[in-house]
Amino acid sequence: MTQAPELPRLDRPLELPPRPLDAPRRRAPSVDDLVSGRARRPSAGPPLSQRSTRYARAWIRRHRISLIVLSSLLVVVGIVHGVGMSRMPLPVDDEGTYMAQAWAVQVRHALTPYTYWYDHPPVGWIQLAGWTFVTHAFSGATLAVVAGRRIMLLYALADAALLYLIARRLRLSRVWASVAVLAFALSPLAVNYQRMIYLDNLAMPWMLAAFALAMTPRRRLWTFGASGACFAVAVLSKETMLLFLPALVYQVWQRAHRTTRAFCVTAVVSVFGLLVAVYPLLALLKNELVPGPGHVSLSSAIAFQLSGRQGTGNPFNATSQAHSLVTGWLHLDPWLPVAGLVCLPVGLCVRRLRPLAVAELIALLDVLRGGYLPVPFIIGILPFAALLVAGTGSTLQGLLRWTAQRRTWAALKGGVLLGAAGALLVFVVPAWASGLRTQMATDQVTPTAEAESWVENHVPRTDRLLVDDTVWVDLVDHGFNRPYGVVWFYKLGSVNNLDPSVRRTLGAGWRNFQYVLETPSMRAALVGSGSRALPQVAQAVAHSVPVVSFGSGVDTIVVRRVTTSTGHSSTSTAPRTAGGTKSSASNSTKAGNHT
Amino acid sequence: MLVALALLVVSLCLFAVAMATLWWMLHAWRTPEVFRSLGFGQVVTGHAESPLSFSLIVPARHEEAVLGATLDQLADLDYSAFEVLAVVGHDDPGTKEVADAAARRHGGRIRVVVDHSWPKNKPSALNTALGDCRGDVVGVFDAEDEVHPRLLRQVAGAFDRSGAHVVQGGVQLVNFQSSWYSLRNCLEYFFWFRSRLHLHAERRFIPLGGNTVFVRTDLLLAVSGWDPMCLAEDCELGVRLSSLGARVDVAYEPMLATREETPGTLRGLLKQRTRWNQGFLQVLRKGEWRRLPTRGQRTLARYTLAMPFLQAFTGLVIPLSIYSMIALKIPVALALVSFLPVIPTLAALAFELVGLREFGRVFYMKPRAYDYVRLVLGLFPYQLFLAGAAVRAVVRELFGRRGWEKTAHTGAHRPAGVPATAPTRPAAPVGGPAPERQPEPTLTMAAPRR
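Residues numbered from 1 in each chain as written. Chains lettered and ligands numbered in written order. Predicted model: local features only at pLDDT ≥ 70, side-chain atom pairs only at ≥ 80, totals over all residues.

Novice: Just to check I follow, could you spell out the interface of chain B and chain A for this structure?
Specialist: Note: interface size is frequently given as the accessible area lost on complex formation between the parts. Across the boundary between the two partners, chain B contributes 38 residues, which contact 34 residues of chain A. Those elements giving two or more residues to the side of chain B that touches chain A turn out to be helix 2 (32-37), helix 6 (151-162), helix 8 (217-222), helix 12 (332-338) and helix 13 (342-362) of chain B. Ranked by the residues each element gives to the side of chain B that touches chain A, the list is headed by helix 13 of chain B, at eight residues. Across the side of chain B that touches chain A, the residue classes tally to 21 nonpolar, eight polar and nine charged. (Contact = placed C-beta atoms within 7 Å. Helix = DSSP H or I, 4+ residues; strand = E, 2+ residues; numbered from the N terminus. Nonpolar A, V, L, I, M, F, W, Y, C, P; charged D, E, K, R; others polar.)

Novice: Got a minute to help me understand the sheet that holds strand 2 (residues 82-89) of chain B in this structure?
Specialist: Residues and elements named next belong to chain B. Read across the open sheet, the seven strands follow the order 3-2-1-4-7-5-8; overall the sheet is mixed. One side of each edge strand has no neighbouring strand; the edge strands of this open sheet are strand 3 (110-115) and strand 8 (248-251). Each strand of the sheet is rotated relative to its neighbour by a mean of 20°, with strand direction disregarded. For strand 1 (residues 54-59) and strand 2, the ladder comprises six bridges, and the chain directions are parallel. (Pairing = 2+ DSSP bridges. Axes fitted to C-alpha atoms, helices over the stretch in contact; angles between N-to-C directions.)

Novice: Would you take a moment to explain the sheet that holds strand 2 (residues 486-488) of chain A for this structure?
Specialist: Each strand in a sheet pairs with its neighbour through backbone hydrogen bonds, running either in the same direction (parallel) or in the opposite one (antiparallel). Residue and element names in this part refer to chain A. With mixed pairing, the five strands of this open sheet are ordered in space as 2-1-3-5-4. Every interior strand has two partners, whereas the edge strands, strand 2 and strand 4 (544-550), have only one. Averaged over neighbouring strand pairs, the angle between their axes works out to 25° when direction is ignored. In the sheet, strand 1 (residues 465-467) pairs with strand 2 via three bridges, with the strands oriented parallel. When the sheet's bridge partners are listed, Leu-465 is paired in strand 2 with Val-486. Each of strand 1, strand 3 (515-518), strand 4 and strand 5 (557-562) touches helix 25 (residues 535-542); the most contacted strand, strand 3, lies at about 100° to it.

Novice: When you look at helix 3 (residues 64-82) of chain A in this model, what are you seeing that I'm missing?
Specialist: Note on helix geometry: an α-helix contains 3.6 residues per turn, so any two residues three or four positions apart are oriented the same way. Residues and elements named next belong to chain A. The end-to-end C-alpha separation of helix 3 is 26 Å, in line with the 27 Å expected for 19 residues at 1.5 Å each. Regarding helix 3, the residues found buried are Leu-70, Leu-73, Val-77, Val-80 and His-81. One face of helix 3 carries all of its buried residues, which in axial projection span an arc of 90°. For helix 3, the exposed residues lying more than 90 degrees away from the buried face are Arg-64, Ile-68, Ser-71, Ser-72, Val-75 and Ile-79. Count one or two residues on from helix 3 and you reach Gly-84, which has phi positive near 95°. (Expected span 1.5 Å × (residues − 1). Buried ≥ 20, exposed ≤ 12 C-beta atoms within 10 Å, placed from the backbone. Arc of directions from axis to C-beta.)

Following this line, the structure appears as structure tokens:
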């Protein structure tokens, strides 16, 4: 590890530059000049375009090393994220949901294809719609989910760049800043989840930007206001980001100067609060703020998310959903989450790392709380873990340098560094290499594509299909576009669904459908108590026969034709063979997982 | 459709106006460095061999209640070379008597100038005294001002250091607990002098304040003093000097700010605000600002002078847009856009709450929780009030009614226990109830100007 020049001097008081007023001024014009108008001529400066070019050149010159380092990092991030992103991981229904909602925004100018019931604030898929419009994602050339994943690559690159910026603003050396970026970008866990079209990914750059802006070295008031605005976008993209608000306010409080602190904190909080208030205002304007007969409402959606939703249990309880979810995360990569946890005490002790440590701590406490744990929740924790790992490394390096000045400790320095590097090589590198190989080489998407094309070629457009959200946009775009021609399966049930529109329109339940596209997500939803919560879906599966199947094992996709006779329901139903197996917690989703 | 389009345009304009106002209000807190740079700074020593000399003009009209104490304070300022000129009207023997008594008490420090001009107003009185000024620098104070003893030393330092032609000191209303509107009025002064005025000095277009303003005598004589026809003579002078290219230094130090009181009644405040607005309108129409050298300055000038009206407009349109949203059933997206101006308005309220805390801290007066509540509740009524004053100013200007509506002063800003040289002055404690207002003369002058 090279000794970086700008090692952090811990908690150095921030000095103010000399007061501008003390500097000698240009001589003021004489009274004669004033009265005769000679003083009125404006001082001619270079034109704005010239000034901005000059400024940009100076900026690039000043940051050229960082720019070189960062662009090489981004190449690595792009390769690791991009190679195989259209094949791995398995598409889940959430990805299809958000693509469908982006499609609704772009094509139908509505927030959702069905009734918008305030499950999440809409800014996440509004962003997505902007990108799908720009990239022609719904041209039909690829699966909608694959097109969406290409957009997620941009978000992953933005995350990496912002992480680098944050690390530099923590006064970490370029080496340690690169460590933070690589830890986040190379962890198979992060790669797996960052590839998926989750709202958390759409919110993440905004959240990181809020922190980066809150660490402004110049401490300009508008920068803090911009930080609040970015955080508002993050929260309006994914409401769980609200958890990090105390950490952000703490970061602002810490970074702001004593004299302007109250105004800086007010800037962040008021801009954030007022922008977020637009969301309830939207509900109010649609007359959907409070429950009433015949319409959805924001307050019942919030009540549902906070208390109505069945909790996933305590992660330490081996039978809970949370346990399988957390072990699924750790199965993909134990190293980054554990290292983040180990570095947490250091982060809490070092002043400049403390706000980030607080952010991670809040997220961890929320995991342990035992409430509802969303599948992609880990995405919000990993960047803080990566920053804490790099910050701890940098702090240790500083301590070592300090101790190395006393000869007795000099040997220790080399020992610890060698040990750390050795541990890294022995444990982390092989684990990540194998994890990344899986991420880059496995194909879990092709069965979905094959099933889709089979349906498009064999099923009459007048037939009604019960499907997983993953394929919804593609089928609608390929001609199954009559009203309620393709239906998200969980819209038939009462789990995660406060929208009664489908049940009301399709009163006959499973008998309305001619085909069921049985996917891993659907099977997972029907496991255990799921069949009671989604009785019509279970019935549709029970009253259908497999026509053709794609893929193998837990990832099998089965096209089933619904039969009115109940006779052969028990002959060869796929749920027994596939859904019954405990699906790998890493990729599968929980019941109607609509995080 | 037309309504929708109008609503969209108006909303976006109001949003821009409110954002600009908010941003300028917060000028001083942009960065810690800016905040630190905006003060008098250290006293410059070593100029004792040839100190700047000051002539301090105090115009007074029917202000026998407060003038005596003010003159005593001014005469006792901690500075070597200055004189005080009390200007009284020839038709106002009561005030003249108080001024004469003060002149006798302080020997040569105070001179009494009798103003024979007609009609009586503040700029005429100032012009009358200008001819008698012997100092290098002319300073203006109002009859009810509380002036800090060390002010002149700091101002002299500011002249020396900056080489400016004009130095504007701070003025602060302090009786923020007298009433709901005095609280808002005090904060307006606080944000104006602490923050906004510095922006104007930096951009070299500045509407000067009515007192604690210091101008080099030779310059003032060269531009023939104040405009006697203008209701906002201070603003007018500032605009005229700015357009000539004069350098203005704003020196603000809370401890040294001249303390004043808000008008005792809402009606008094309305008259005062109407007069300022009308004055701004006159300055806008007079068009001196068109000679400012850069386009940016001219835009700022036009915007600043028209501000009272934009502000009034904002106050009126917000309830109107809420009404139209409910009544007209406009699309949700448009309704959201029409709420845009509310965002900077409420953000400004949040900053006012912080400003009140800061105000209390620097002036050593602790606001109660009740004051914060009052600040929030007063937001909308005060907007309405400002709108009313703006409309009234436009109407008066249209009908050619340009008389001075004098603001009465009672001394609510003076702490109890200040030796009362003028026997008739009622001493009211800070934060106490507003004392009874003096009967309001119809044609007088001297009012706190920001």
